[in-house]
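Summary of structural features
Residue strings, one per chain:
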Amino acid sequence: MKRIITFLFLFQGICLLAQRQDKVNFRHGEVRIMPLANTGHVKGFVAYTFDVLQDVDSVFMDARNMKFTSVRLDDRIMKYSNSGKTISIKKKFKRGKSYTLELDYTARPKQTVYFMNWSDDNLNNNQIWTQGQGKYTSYWLPSFDDMMEKVEFDLSLTFDKDYEIIANGKLIGTEETDSLKIWSFDMKEPMSSYLLAFAIGNYKKQKLTSTSGISIETYFYPPDSTRVEPTYRHTKEIFDFLENEIGVAYPWQNYKQVPVHDFLYAGMENTGCTIFSDGYVIDSVAFMDKNYVNVNAHELAHQWFGNLVTEKSGDHHWLHEGFATYYAYLAEKEIFGEEYFYWKLYETLTALQNSIEKGEGQSLLDPKASSLTFYEKGAWAIFMLRERIGEEAFKMGIKSYLEKYAFGNARVSDFIQEMERASGTDLSDFVKIWLEDTALPFVAARKKLAEKSMSLKSLFSMQEELEKRGSTDINFTAYWNGTYSVELRKYMLQNFLKEMPGDIIDSVFSSDELELRQALVLTIQDAKDYAREKFESFLNDDSYVTLENALFKLWMAYPEQRNTYLEKTKGIVGFPNKNVRLMWLTLAIFTEGYEGRNTKLYFDELSGYTAPEYSFEVRQGAFQYLKQAFGFKDSNLMDLAQATTHHSWQFKKFSRNLMMELLGDEVYKERIITLLGKLKPEERRYIESKVK
Ligand SMILES: [Zn+2]
């Protein structure tokens, strides 16, 4: 059974090997963009104003596969060279002078700008959005793949007037001409090119204002108005908390959050304009299991850590991801409480320990380190640093670091220097142990957790007892009654269900503690081990994970009750990935005598979910159910072929693996080969390369 994945992390460290232009300073970029949805082109114009700091005989911009129709320097047409990666202009630029360079161009970005669903008949799900980190803004705008080049960008976008456009900066006006509308945005401060972004689609918005007066706009699709509250729950609280906690005012004019279809990651912290996966657009029932709170806080924290102060290179990526992760956990501590926070740290410590035991430990200064290292070890290092120097010095150091390097770039050593200054402490041992070493001081980390959390202290003594005596000799009742911690009790249910006394299990069955009940339904393998009515009560819980599991386990255990269970859960969709609906359809088709006349309808619905108009999470679920239970129709095979070239690498990988498996089966292979003529060239090329 597929459980939901929590996205803790998502951006890999990127190592930009861009050339540096330190003899000129690009100060301002005026950008005009017109995306052409039908062909996937971007028509653009940019005017850069730059100051020459030292005499130099050329300037360049990163520009991938672009065609330039006009290149003018201070209104004079210029010769230029276009390598397909950069455009450069040769001229003797004089120190102390300023120039304006204007470029007109067309691009057909093969990444970074994603045109979604423009070829199908449904107009409601048409979108265009960007994702720049690691995927270079220079695919749609001549700009700077070097994070050190910070420019004040003002964007304007022209598009079909029926769509909403969202971009970095403050919307200062719109103008309609026939069927088109021009949206103009203004920024006041400089930023790195990778943080430029826009999104186009059908949106409405909810307006909030932070206590400090910053406008916060949260976007949603028109049919999702009832999901706005659960999706963006705690948004203002998070914003106020972070501004207060960090101690430096939010650095940009406003803040926007925009969900998009089939996003590559959980979220991306574009300056003042976070774009995130619409898989987080949820209803109230989903909130307990999968909510946007962590991603919301993480991307917001980046507005300081990454956007205001940017790493000098990938060696300093801790300054982005460690801090965004740490401050998101602090925001969650504010909302969900201390138990949640310390158990989260315990969970990530365990993951880090496992990776180190496998010999995969990494230094936080390794630019190629994994997400686990940058995000979780990174957050741990900051947590321990704060414990080491105390809250007051920590906050003082953070403030002076952010103020000193504001709108600029920093190295890890710059950060450490500020913390040493603020605390009057030599931190070289901290740097060695937490940043340089590939290992991790587990004993010290666990000791710290035990100091902070009573329930973790109990857990550690339980673990010690277990090691000495084995689980049969442990007094679980004493541990259970000795705590109110839901986390510790969950842990006991998940790990020692068999050893737990019956009256404790009964108390969970009759409680309304949803998290404990969920731990129980997930851990119990056979529903028949417990009284039927007790297990059936799970079907009433406000949790789609609990519901999906309870439905499946009851359906397996009590064949004579299948119709009743299906009737009770009919019409429930579940998470945005339709977890409950896909399961329900599969069970309904398999249940003899249940709405026999609808069986074909249900199969068609399930089979239809592999189509590109659905999100890749839904498609992946449908492929899995079909594979396990029914096999594939030709339309599913065509959808799978399409998915092997999908822009989301996770889904592409899943689809390619499944395609390889099918090609290993002679019957499927035959069928797929006969479909080749109907496929798009790139899909056909991929399959042909595997068939040979
Ligand atoms: Zn991040």
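Positionally, G40 belongs in the loop between β1 (24-36) and β2 (41-52). For G40 and E175, which are 135 residues apart along the polypeptide, the C-alpha to C-alpha distance reads 24 Å. With near-sequence residues (within four places) excluded, G40 lies in contact with A107, R108, P109 and F115.

Applying the stated criterion across every chain yields a total of 36 salt bridges. For D145, the salt bridge is made with R64, and the minimal N-O distance between the two is 3.1 Å. Of this pair, D145 sits in the loop between β10 (127-130) and β11 (150-160) while R64 sits in the loop between β3 (56-62) and β4 (66-73), and the two are 81 residues apart along the sequence. E515 serves as the salt-bridge partner of K490, at 3.0 Å between the closest nitrogen and oxygen. Highlighted residues: K490 in helix α13 (residues 486-496) and E515 in helix α15 (residues 514-523), separated in sequence by 25 residues. For E515, a relative accessible area of 32% puts it in the partly exposed group. If you follow the salt bridges from partner to partner, you end up with E245, R386, E391 and K395 in one network.

With that settled, the discussion passes to the side chain of E152. When you line up the elements, E152 lands in strand β11. Within the buried core, E152 has no salt-bridge partner, and the shortest N-O distance to an opposite charge, that of K188, equals 6.5 Å. The residues touching E152, leaving out its near neighbours within four places in the chain, are R27, H28, G29, D186, M187, K188, E189 and P190.

This paragraph deals with the sheet that holds strand β6 (residues 81-82). Across the sheet, which stays open at both edges, the 3 strands sit in the order β3-β7-β6 with antiparallel pairing between neighbours. Sheet topology places β3 and β6 at the edges, where each strand pairs with a single neighbour. Bridging between β6 and strand β7 (residues 86-93) involves 2 bridges; their strand directions are antiparallel. Looking across to β7, one finds that S81 is bridged to S88.

Within the chain, D75 stands out as a residue other than glycine whose phi angle is a positive 75°. With respect to the element layout, D75 can be found in the loop between β4 and β5 (76-77). Phi is positive for D262, close to 55°, though the residue is something other than glycine. As for its placement among the helices and strands, D262 is situated in the loop between β19 (254-260) and β20 (267-268).

Within the protein, the zinc ion binds to H298 (NE2), H302 (NE2) and E321 (OE); these donor distances fall in the range 2.0 to 2.1 Å. In primary-sequence terms, the residues that donate to the zinc ion follow H-x3-H-x18-E. Pair noted here: H298 is in helix α3 (residues 293-302) and E321 is in helix α4 (residues 318-336), with a separation of 23 residues, a long-range link. Here H298 matches E321 in class, with each residue buried.

A few words on helix α11 (residues 454-469). Given a rise of 1.5 Å per residue, 16 residues ought to cover 22 Å, and the 22 Å separating the end C-alpha atoms of α11 matches this to within 8%. Of the residues making up α11, those classed as buried are S455, L456, S458, L459, F460, M462, Q463, E465 and L466. Structurally, α11 contributes buried residues whose contacts are with α5 (338-357), α10 (442-452), α12 (476-481) and α13.

So, on to the environment of G322. Within the fold, G322 resides in helix α4. Taking the C-alpha atoms as reference points, G322 and A381, separated by 59 residues in sequence, lie 8.0 Å from one another. Among residues more than four places away in sequence, those in contact with G322 are H317, F374, Y375, G378, A379 and I382.

Think of interface size as the accessible area that goes away when the parts come together; that is how it is often given. According to the domain assignment, the chain contains domain 1 (18-202), domain 2 (204-303) and domain 3 (337-452). Between the C-alpha centres of domain 2 and domain 3 the distance comes to 26 Å. Between domain 2 and domain 3, the residue contacts involve 7 residues of the former and 8 residues of the latter. Carbon and sulfur atoms supply 66% of the area buried between domain 2 and domain 3, which totals about 560 Å² over both sides. On the domain 2 side of the interface with domain 3, the three residues burying the most area are E245, I246 and V248, jointly 62% of the side's total.

A cluster of basic side chains, namely R76, K91, K92, K94 and K97, defines a positive patch on the protein surface. K92 sits in the exposed class, given a relative accessible area of 60%.

Criteria and thresholds
- Along each chain, numbering runs from 1 in the same order as the chain's sequence is written.
- In keeping with the predicted nature of the model, local features appear solely for residues at pLDDT of at least 70, side-chain atom pairs appear and are counted solely at 80 or more, and the whole-chain, interface and lining totals rest on all residues.
- In computing side-chain values, all of the structure's heavy atoms are included and hydrogens and water are not.
- Going along the chain from the N terminus, every DSSP run of H or I of four or more residues is numbered as a helix, and every run of E of two or more is numbered as a strand.
- Only heavy atoms enter the contact rule, under which two residues are in contact if any of them lie within 4.5 Å.
- Throughout this description, the term salt bridge denotes a Lys or Arg side-chain nitrogen within 4 Å of a carboxyl oxygen of Asp or Glu.
- Whether a residue is buried, partly exposed or exposed follows from its accessible area with a 1.4 Å probe, protein chains only, as a fraction of its type maximum: under 20%, in between, or over 50%, in that order.
- We treat Lys and Arg as the positive residues and Asp and Glu as the negative residues; His and chain ends play no part in the count.
- Pairs of strands are assigned from DSSP output, requiring at least two bridges between the strands.
- Water is not part of the atom set, so a site may look incomplete; the donors themselves are N, O and S atoms within 2.8 Å of the metal, or 3.2 Å for Na, K and Ca.
- A helix is expected to span 1.5 Å for every residue after the first.
- Note that the domain bounds were set by an automatic or database domain assignment.
- Values labelled buried area give the accessible surface lost by two parts on being combined, using a 1.4 Å probe and summing over both.
- To count toward a patch, a residue needs a relative accessible area above 30% and no salt bridge. Like charges then connect within 9 Å, nonpolar side chains (Val, Leu, Ile, Met, Phe, Trp, Tyr) within 5 Å.
- The Shrake-Rupley method, run with a 1.4 Å probe sphere, supplies the accessible areas, and residue values consider only the shown protein chains as cover.
- Taken as the charge centre is NZ of Lys, CZ of Arg, CG of Asp or CD of Glu, depending on the residue.

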